Every structure is written in structure tokens, then in C-alpha cells.
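# Fold and contact review
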Amino acid sequence: MPAHLIRNADEVAAVLQRQPGRGELYGQRVAQVFRDGIRLHQDVTKGVCTREEYAQQGEVLTLRLDALLNRAPLKSKANERLRLGILKQSVLDRLWRFLKDPDIPPTNNAAERTLRTVVMARKVSQGSKNAVGAQTYMRIKSTVETARLRGQDPVAVLTGLMR
């Protein structure tokens, strides 16, 4: 999720840069907090910092973001929309899951790359002919990819499910 939020914050900052005032700084600050979170995750993954340091620095990042979110409404409509959207995700506890558990990736890039094969298969086959076919393909593909990610043999998993 942070990658999408970084992109949204950067877009808001870019739009506001073309207007007079200091409104673009808010989006830049928000994006930087998420970039720092991704960098911190890379550090713990590479062994540059310990899990304890990761947890401590994660708390600092959480406080930085909370300070940006829990404030008076912003004058810029674009910034306020950004703030409220991220605040909603924060309240739903969707922002920092990877800071609570370093085994969770900070972005969904791997999942999106996995879905590319599904999209390409749909384009090549001119799509499913009906909803049942689309649903069946989706379930099979999801099962195969989950098995693959868990290091299991997808054919064995599918065979086991059919029994």
C-alpha cells in the first residue's frame, strides 16, 4: 500500500507546485514518511538493522505520520482529500502492517506481477465466455500461485482439492 500512497502524495504535491503557496510541502512530507518506511524495511531485510531497531524506528515513523494526519483540516482541497484518505486507511490499520511484521512486504508489487499472467491470459484468449468460466479460472490461478508462494507443488495442491 505505501507505494500507492507515495504516488498519490507525489501527484498532489506536483499539482500544488504549479500554484502559489506552500501546499506542495504536505504531500512531499507524507510521501517521505512512506519512503522512509520502505527504506527501513529494506534495511531489516538486508540485516542492516535488528528487529528491535526496526520496531523502534517504526514507532518513530508512525508518530511522524500521525502528526501529519491528526491536525486541523488543510486549506488545499487536494491535500485535505489526501489527508482524509490516508487517515481512513490508518484508522483501518492498513498502513503499517509491514512495520509490525518485517516478513510482510511493504508493497504489493509481487502480487501485481503475479496477476500480470492472469491479465495476459485473458487478453490472449479474448476473455472468459461467461462468469462461471472467469470465476473458475480465478480460483485455479489463485490456488496455484498461493501454492507456489508457499513452496508447494501446485499440481499436488489442485489434485488434493479435487479429492
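This report concerns the structure included in the present document. On a predicted model such as this, the values are computed, not experimentally measured, just so you know.

### Comments concerning the overall build of the protein chain
When you go through the protein chain residue by residue, the secondary structure sums to 8 helices and 0 strands. When the helices and strands of the protein chain are listed from N to C terminus, the series reads α-α-α-α-α-α-α-α. At 20 Å, the protein chain has a C-alpha radius of gyration far larger than the 15 Å of a compact globule built from 163 residues. Principal-axis analysis of the C-alpha atoms gives the protein chain an extent of 60 × 40 × 25 Å. A buried classification covers 29% of the 163 residues belonging to the protein chain. For the protein chain, restricting intrachain contacts to residue pairs at least 6 apart in sequence, the fraction spanning at least 24 positions comes to 60%. Working note: accessible area of the protein chain is about 11100 Å², and carbon and sulfur atoms make up 56% of it. The averaged location of the 16 negative side-chain charges in the protein chain is 10 Å from the averaged location of its 28 positive side-chain charges.

### Overview of helix α2 (residues 24-46)
With 23 residues, α2 should reach 33 Å at 1.5 Å per residue; the first-to-last C-alpha distance of 33 Å fits that figure. Where α2 terminates, the next one or two residues include Gly47, which has phi positive at roughly 85 degrees.

### Let's talk about the packing of α2 against helix α4 (residues 77-91)
Their axes nearest at 10 Å, the elements α2 and α4 cross at an angle of 30 degrees. Taken together, the axis directions place α2 and α4 in an arrangement best described as roughly parallel. With respect to the hand of their crossing, α2 and α4 are arranged in left-handed fashion. Contacts between α2 and α4 pair Tyr26, Gly27, Val30 and Phe34 from the former with Asn79, Leu82, Arg83 and Ile86 from the latter. Class assignment for the residues of the contact of α2 with α4 results in 5 nonpolar, 2 polar and 1 charged.

### Some points on the packing of α2 against helix α3 (residues 51-69)
At a closest axis distance of 10 Å, the pairing of α2 and α3 adopts a crossing angle of 170 degrees. Taken together, α2 and α3 sit at an angle that is classed as roughly antiparallel. Only Arg51, Tyr54, Gln57, Gly58, Leu61, Arg64, Leu65, Leu68 and Leu69 of α3 make contact with α2, whose side of the interface consists of Tyr26, Arg29, Val30, Gln32, Val33, Phe34, Asp36, Gly37, Leu40, His41 and Val44. Of the residues belonging to the contact of α2 with α3, the class tally is 11 nonpolar, 5 polar and 4 charged.

### Brief notes about the nonpolar core
Core analysis: the largest hydrophobic core is formed by 27 residues, its most contacted members being Phe34, Leu65, Ile86 and Trp96. For this core, the elements supplying multiple residues, two or more each, are α1 (2-17), α2, α3, α4 and α5 (97-100). With 8 residues, α2 is the largest single contributor of residues to this core. Apart from the residues lying within four places of it in its own chain, the contact partners of Phe34 are Pro2, Leu5, Ile6, Leu65, Ile86, Leu95 and Trp96.

### Looking at α1
Taking 1.5 Å as the rise per residue, α1 with 16 residues should run 22 Å; its terminal C-alpha atoms sit 22 Å apart, in good agreement. Buried within α1 we find Pro2, Leu5, Ile6, Ala9, Val12, Ala13 and Leu16. What you see down the axis of α1 is that its buried residues fit within an arc of 130 degrees, all on one side. Considering only its buried residues, α1 is in contact with α2, α4 and α5.

### Regarding the packing of aromatic side chains
All chains considered together, the criterion is met by 2 aromatic pairs. The interplanar angle of 55 degrees and the centroid separation of 5.7 Å between the aromatic rings of Trp96 and Phe98 together place this pair among those described as tilted. The exposure class of Phe98 is buried, given its relative accessible area of 2%. Every member of this aromatic cluster is reached through a ring pair, and the members are Phe34, Trp96 and Phe98.

Calculation notes
- Residues numbered from 1 in each chain as written.
- Predicted model: local features only at pLDDT ≥ 70, side-chain atom pairs only at ≥ 80, totals over all residues.
- Heavy atoms only, no water.
- Helix = DSSP H or I, 4+ residues; strand = E, 2+ residues; numbered from the N terminus.
- Rg over C-alpha atoms; globule rule 2.2 N^0.38 Å.
- Buried < 20%, exposed > 50% of the residue type's maximum accessible area, 1.4 Å probe, protein only.
- Contact = heavy atoms within 4.5 Å.
- Areas by Shrake-Rupley, 256 points an atom, 1.4 Å probe, with all protein chains shown as cover.
- Lys, Arg positive; Asp, Glu negative; His and termini not counted.
- Charge placed at Lys NZ, Arg CZ, Asp CG, Glu CD.
- Expected span 1.5 Å × (residues − 1).
- Axes fitted to C-alpha atoms, helices over the stretch in contact; angles between N-to-C directions.
- Parallel < 35°, antiparallel > 145°, perpendicular 65-115°, else oblique.
- Left-handed = near helix turned anticlockwise from the far one by under 90°.
- Nonpolar A, V, L, I, M, F, W, Y, C, P; charged D, E, K, R; others polar.
- Core = buried A, V, L, I, M, F, W, Y, C linked by side-chain atoms within 4.5 Å.
- Arc of directions from axis to C-beta.
- Phe/Tyr/Trp six-rings, centres within 6.5 Å; stacked < 30°, edge-to-face > 60°.

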